[in-house]
Amino acid sequence: MKFIDEAKIFVQSGAGGNGCVSFRREKYVPRGGPDGGDGGNGGSVYLVGDKERETLYDLRLKPHNRAGRGQHGKGKKMYGRNGRDVSIHVPLGTLVLEEDRPLGEILKDGARLVAAQGGKGGRGNAHFVSSTNQAPRNAEEGTPGVTKTLKIVLKIISDIGIVGLPNAGKSTLLKAMTNARPRIDSYPFTTLNPNLGVLKSDTNSVVIADMPGIIEGAHEGKGIGLQFLRHIERTNLLIVLIDISASDPMNQYDALLNEFRQYKTELLEKSRVVVFNKIDLLDRVPQFDLKEKTFYISALKETGVDALVEHLENAN
Ligand SMILES: Nc1nc2c(ncn2[C@@H]2O[C@H](COP(=O)(O)OP(=O)(O)OP(=O)(O)O)[C@@H](O)[C@H]2O)c(=O)[nH]1
Ligand SMILES: [Mg+2]
C-alpha cells in the first residue's frame, strides 16, 4: 500500500433529532398527559488509533466522512434513534490540525479523538410538565452537527532514526539489525519513504526508522527534500551513517548536520552516534576524532554491528 503521510479530510457530524410534542390518547382517558419522546443524538466522527495501519492512504481514498443524524422523538415517549457514528482508523503518530491549529494527536492503539461532535437530541414535551403547566406544548429542537476540514499529518513513532547521504547503506544497516527487509540497491534514492524495523532484545524492543537519503541543498528541495525528516522528530537518538569508502567522509558529516540545522535546529540537540560504514572496502580504516560516540562497521558483512546494537539497546 502506498505510503501517504499527509491528507486533508472533511468531517461532518449529525444533527440531533428534535424532541416531540404529543399527548397520550387512550380510550376512556379524555385528557392524557404529554408523552412526546426525546430526539436521538447526532452521530460523531472519530479518529481511532490503529497499530496495524502504516499510512494515511485510506484517508485520501475517502476524504468525505459524514455521521448520521439523530431521529426525531415520537409519541408514547418513544426516543429517536441515535445517529450512526463514523470511525476513521489512522496509524499511531497521527496529528490532527484544524486551520493549522493542533486538535490533538493519536499515539496509542484504540485511542479515540473526536473530530466532529454530534448534535444533542432535543427533549420531548414529557419533560416540560410543571405544577403550573400540565400540558406543555413545547419541546426542544436538536442542536446542529458541525462540519470541519482537517489536515491529518503522520509523524511515525520510532525510537531511533538512521540518516545519511543516499547509498550510505542505511537500509542495509536496518536489515542487519532488525526484522525489516527494505529494498537495497546501488543507486541513490532507493528508499523513498521511511522503513521501520524492530530491534528485539530480552528486555525490550526498539523501533528503528530508515530514512530516505539526504543531499546537500535538501532544505531547498533538492533530492527528496527534507519533508520526511518530521518522521524522526520523535526519536530519542539518531544514527548518522557515513560511507567511509567515499571521498571525504567528514565533509559528508558536516553537510548532513547543516541540512538538519536548516530543517529544525532541535534535530541537532538529539543524541546521536556516528557510524562509519563500508569498512570492508578499505585496506586501512582511518579513525576520526569526534565528540559523539563513533562506530566502524560493514553493514553488508555485518562486521561491528553487534557492538552498535549493544550500544543502542543500552541507550534506549
Ligand atoms: N561493500 C559494502 N557495500 C555496502 C555496505 N552497506 C551497503 N552497501 C551497498 O551500498 C548500496 C546502497 O545500500 P542501501 O542500503 O540501499 O543504501 P541507502 O543508504 O539505504 O540508500 P538510499 O535508500 O538510496 O538512500 C548497496 O549496493 C549496498 O549493497 C557495506 O557495508 N559494504
Ligand atoms: Mg535506503
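Scoring rules and cut-offs
- Residues numbered from 1 in each chain as written.
- Chains lettered and ligands numbered in written order.
- Predicted model: local features only at pLDDT ≥ 70, side-chain atom pairs only at ≥ 80, totals over all residues.
- Heavy atoms only, no water.
- Near = heavy atom within 4 Å.
- Polar contact = N/O pair within 3.5 Å; in protein donor to acceptor, adjacent residues only side chain to side chain.
- Areas by Shrake-Rupley, 256 points an atom, 1.4 Å probe, with all protein chains shown as cover.
- Helix = DSSP H or I, 4+ residues; strand = E, 2+ residues; numbered from the N terminus.
- Nonpolar A, V, L, I, M, F, W, Y, C, P; charged D, E, K, R; others polar.
- Buried < 20%, exposed > 50% of the residue type's maximum accessible area, 1.4 Å probe, protein only.
- Donors = N, O, S within 2.8 Å, 3.2 Å for Na, K, Ca; no water.
- Domains from an automatic or database assignment.
- Contact = heavy atoms within 4.5 Å.
- Salt bridge = Lys/Arg side-chain N within 4 Å of Asp/Glu carboxyl O.
- Core = buried A, V, L, I, M, F, W, Y, C linked by side-chain atoms within 4.5 Å.
- Pairing = 2+ DSSP bridges.
- Axes fitted to C-alpha atoms, helices over the stretch in contact; angles between N-to-C directions.

1. Some thoughts on the site of ligand 1
Around ligand 1, the structure places 23 residues, and the nearest of them are Lys170, Thr172, Phe189, Thr190 and Asp280. Here Asp185 contributes a backbone N or O atom positioned 3.3 Å from an oxygen atom of ligand 1. Within the contact set of ligand 1, an oxygen atom lies 2.8 Å away from a backbone nitrogen or oxygen of Phe189. Relative to its free-state accessible area of 650 Å², ligand 1 is covered by the protein chains to the extent of 90%. Looking at the shell around ligand 1 element by element, the count peaks at three residues for helix H2 (residues 170-177). The class makeup of the residues in the shell around ligand 1 is nine nonpolar, ten polar and four charged.

2. Looking at the pairing of strand S12 (residues 237-243)
Counting buried positions along S12 gives seven out of seven residues, so the element sits mostly inside the fold. Going residue by residue along S12, you find Leu237, Ile239, Leu241 and Asp243 tucked away on one face and Leu238, Val240 and Ile242 tucked away on the opposite face as well.

3. Quick look at the coordination of the magnesium ion (ligand 2)
Binding of the magnesium ion (ligand 2) to the protein goes through Ser171 (OG) and Thr191 (OG1), at separations of 2.0 to 2.1 Å. One end of the pair, Ser171, is in helix H2; the other, Thr191, is in the loop between H2 and strand S10 (195-200), and 20 residues separate them in sequence. Take Ser171: its relative accessible area is 8%, and that puts it in the buried class.

4. Things to note about the domain arrangement of the chain
Each domain of the chain was delimited in the assignment, giving domain 1 (6-154) and domain 2 (160-315). Facing the seven residues of domain 1 at the interface are four residues of domain 2. When the shortest N-O distance is used, the salt bridge between Arg234 and Glu105 registers 3.0 Å. One can count five residue pairs in polar contact (both at pLDDT 80 or more) joining domain 1 with domain 2. Its residues assigned to classes, the side of domain 1 that touches domain 2 comprises three nonpolar, two polar and two charged.

5. A word on the side chain of Ser44
One can find Ser44 in the loop between strand S1 (6-12) and strand S2 (45-49). Accessibility expressed as a relative area gives 3% for Ser44, which makes it buried. For Ser44, the side chain forms a polar contact with the main-chain nitrogen of Gly118, separated by 2.8 Å. Here Ser44 is in contact with Ser13, Ala67, Asp85, Val86, Ala116, Gln117 and Gly118, once residues within four sequence places are set aside.

6. Observations concerning H2
The buried count for H2 comes to six of eight residues, which makes it a mostly enclosed element. Contacts from the buried residues of H2 go to strand S9 (160-164), S10, strand S11 (205-210), S12 and helix H5 (305-315).

7. Description of the nonpolar core
Counting residues in each nonpolar core, the largest one holds 24 residues, and the members touching the most others are Val163, Ile214, Leu229, Tyr253, Phe260 and Phe276. Of all elements in the fold, only S12, helix H3 (249-263) and strand S13 (271-277) reach the threshold of two or more residues within this core. Examining the composition of this core, we find that five residues originate from one element, H3, more than from any other. If we skip the residues at most four places from it in the chain, Ile214 touches Val163, Gly164, Leu165, Pro166, Leu226, Phe228, Leu229, Leu256, Glu259 and Phe260.

8. Thoughts on the pattern of salt bridges
The tally for this structure, following the rule as stated, stands at 13 salt bridges. Of the charged contacts in the structure, one is a salt bridge between Arg230 and Glu6, with a shortest N-O distance of 3.5 Å. Linking Arg230 in the loop between S11 and S12 with Glu6 in strand S1, this pair joins segments that are 224 residues apart in sequence. Overall, Arg230 belongs to the buried group, its relative accessible area being 8%. In this structure Glu6 comes out as partly exposed when scored by relative accessible area, which is 30%. A salt bridge links Glu220 to Lys222; its shortest N-O distance comes to 3.9 Å.

9. With respect to the sheet that holds S1
Reading across from one edge, S3-S1-S8-S5-S6 is the order of the five strands in this open sheet, with mixed pairing throughout. Looking along the sheet, the strands with just one partner apiece sit at the ends: strand S3 (64-66) and strand S6 (101-106). For this sheet the average axis-to-axis angle between neighbouring strands, irrespective of direction, equals 30°. Pairing geometry for S1 and strand S8 (residues 147-154), over seven bridges, is antiparallel. Of the residues in S8, the one forming a bridge with Phe10 is Thr149.

10. A short note on unusual backbone geometry
Unlike most non-glycine residues, Asn167 shows phi in positive territory, near 75°. Within the secondary structure, Asn167 sits in the loop between S9 and H2. The phi dihedral of Asp248 falls on the positive side, at around 50°, and the residue is not glycine. Structurally, Asp248 can be placed in the loop between S12 and H3.

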